Amino acid sequence: MSKLKLVDIDKSYRTGDRYLRVLNKISLEFRESEFVSILGPSGSGKTTLLNMIGGLDHYDSGDLIINNESTKHFRDKDWDSYRNRSIGFVFQNYNLIGHQSVLQNVEISMTLSGISADERKERATEALKEVGLEDHINKKPNQLSGGQMQRVAIARALVNNPDIILADEPTGALDSKTSTQVMDILREVAKTRLVIMVTHNEEIALEYSTRIIRFLDGKIQSDSHPLSEEKNNAPVIKNKKNKRTSM
Ligand code: ADP
């Protein structure tokens, strides 16, 4: 089933007295469960695309169709509710609040949801357990490694049970071993959700994504499926080089 559809999306930014066209008639369709990597040179429009899909910024023309509903007439409150209900964001620099504990950093995602403090705590603890951080919930972010901080950010993104995870360079600040841990978690997440990830890391994109979209100058250069979902859902065996092999 189609989860998200972009139809002829255009976006320009004004720089001085000129307009820079950043997205040029982008049409794409995403299913409920896919692991999509967006690759392309800096400035090609990848983050802008993610921001459009996440409702952080708005397209100029075209349409973004969510669960078969057009967003053409969405007002700010509709975008707010879409973001809160449907989207989890993961950023390269984690965006954690330094003076709050790991648990509070995850609970904060639920402050607008109207659920009780006890339930917030329970859900945040559960989300942190899912990313393997149950022993670190009372620590502050600066007591964690980069990989652990990114796992907190993933727990925070997942705690409201969104259908779509948007990840902008989630391993950009991590070494390769820690990147693998974070990517293994995102692969699990993508088994039941749509995950769209912007990355510069071709190797990671090829290893983990079920679909790779390449951008160039605000246009789609290619859209391919390096891994079938079937293969990506297969049990994972790690060999000596820590490479993934499917059965
Ligand atoms: P990528 O993620 O591929 O590096 P971006 O989507 O971040 O590319 O940016 C595409 C182009 O749009 C760049 O030239 C960037 O400078 C410009 N741009 C992005 N956001 C804005 C903005 N808010 N205002 C003006 N220009 C912007």
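Residues numbered from 1 in each chain as written. Predicted model: local features only at pLDDT ≥ 70, side-chain atom pairs only at ≥ 80, totals over all residues.

The name an unreviewed UniProt entry assigns to the protein chain is Sulfate ABC transporter ATP-binding protein, from the organism Halolactibacillus alkaliphilus.

Chemist: What am I meant to see in the site of the ligand here?
Modeler: If you check the shell around the ligand, you find Tyr13, Thr15, Leu20, Val22, Gly40, Ser42, Gly43, Ser44, Gly45, Lys46, Thr47 and Thr48 and nothing else. Of all the secondary-structure elements, those providing two or more residues to the shell around the ligand are β1 (2–15), β2 (18–31) and α1 (46–53). When residues in the shell around the ligand are grouped by element, the largest group, three residues, is from α1. (Near = placed C-beta within 6 Å. Helix = DSSP H or I, 4+ residues; strand = E, 2+ residues; numbered from the N terminus.)

Chemist: Please explain the nonpolar core as it appears in this structure.
Modeler: In a soluble, globular protein the nonpolar side chains are often hidden away together inside. Counting 59 residues, the largest nonpolar core has Ile38, Val106, Leu128, Ala155, Leu186 and Val195 as its most contacted members. Broken down by element, the residue count for this core peaks at seven residues, all from helix α5 (residues 146–158). For Leu186, the residues in contact, after removing those within four places along its chain, are Ala167, Pro170, Val195 and Met197. (Core = buried A, V, L, I, M, F, W, Y, C linked by C-beta atoms within 7 Å. Buried ≥ 20, exposed ≤ 12 C-beta atoms within 10 Å, placed from the backbone. Contact = placed C-beta atoms within 7 Å.)

Chemist: Explanation requested: the sheet that holds strand β5 (residues 69–70) in the structure shown.
Modeler: Whenever strands of a sheet pair, they do so through backbone hydrogen bonds, lying parallel or antiparallel. Across the sheet, which stays open at both edges, the four strands sit in the order β2-β1-β4-β5 with antiparallel pairing between neighbours. The strands lining the two open edges of the sheet, one partner per strand, are β2 and β5. Note that β1 and β2 share ten bridges and pair antiparallel. Looking at β2, one finds that Thr15 is bridged to Arg18. (Pairing = 2+ DSSP bridges.)

Chemist: Where do I start with the sheet that holds strand β8 (residues 194–198) in this structure?
Modeler: Spatially, six strands are ordered β6-β7-β8-β3-β9-β10 in an open sheet, and the strand pairing comes out mixed. The open sheet has two edge strands with one neighbour each: β6 (87–91) and β10 (219–224). Averaged over all adjacent pairs, the angle separating strand axes in this sheet is 15°, with direction ignored. Across four bridges, strand β3 (residues 34–39) lies against strand β9 (residues 211–216) in parallel orientation. Across the sheet, the residue bridging to Val36 is Arg211, located in β9. Along the sheet, α5 contacts β6 and β7 (164–168); its crossing angle with β6, the most-contacted strand, is approximately 165°. (Axes fitted to C-alpha atoms, helices over the stretch in contact; angles between N-to-C directions.)

Chemist: Looking at this structure, I do not really get the pairing of β8. What am I missing?
Modeler: Note on strand geometry: in a regular strand, side chains alternate between the two faces of the sheet. In terms of burial, β8 is largely enclosed, as five of its five residues are buried. In β8, alternate side chains face the same way, and those of Leu194, Ile196 and Val198 on one face and Val195 and Met197 on the other are all buried. Note: β3 against β8, five bridges, orientation parallel. Note on β8: the bridge partner recorded for Val36 is Ile196. Remark: the β7/helix α6 (residues 176–189)/β8 crossover connection has right-handed handedness. (Right-handed = clockwise from strand over helix to strand, strands pointing away.)

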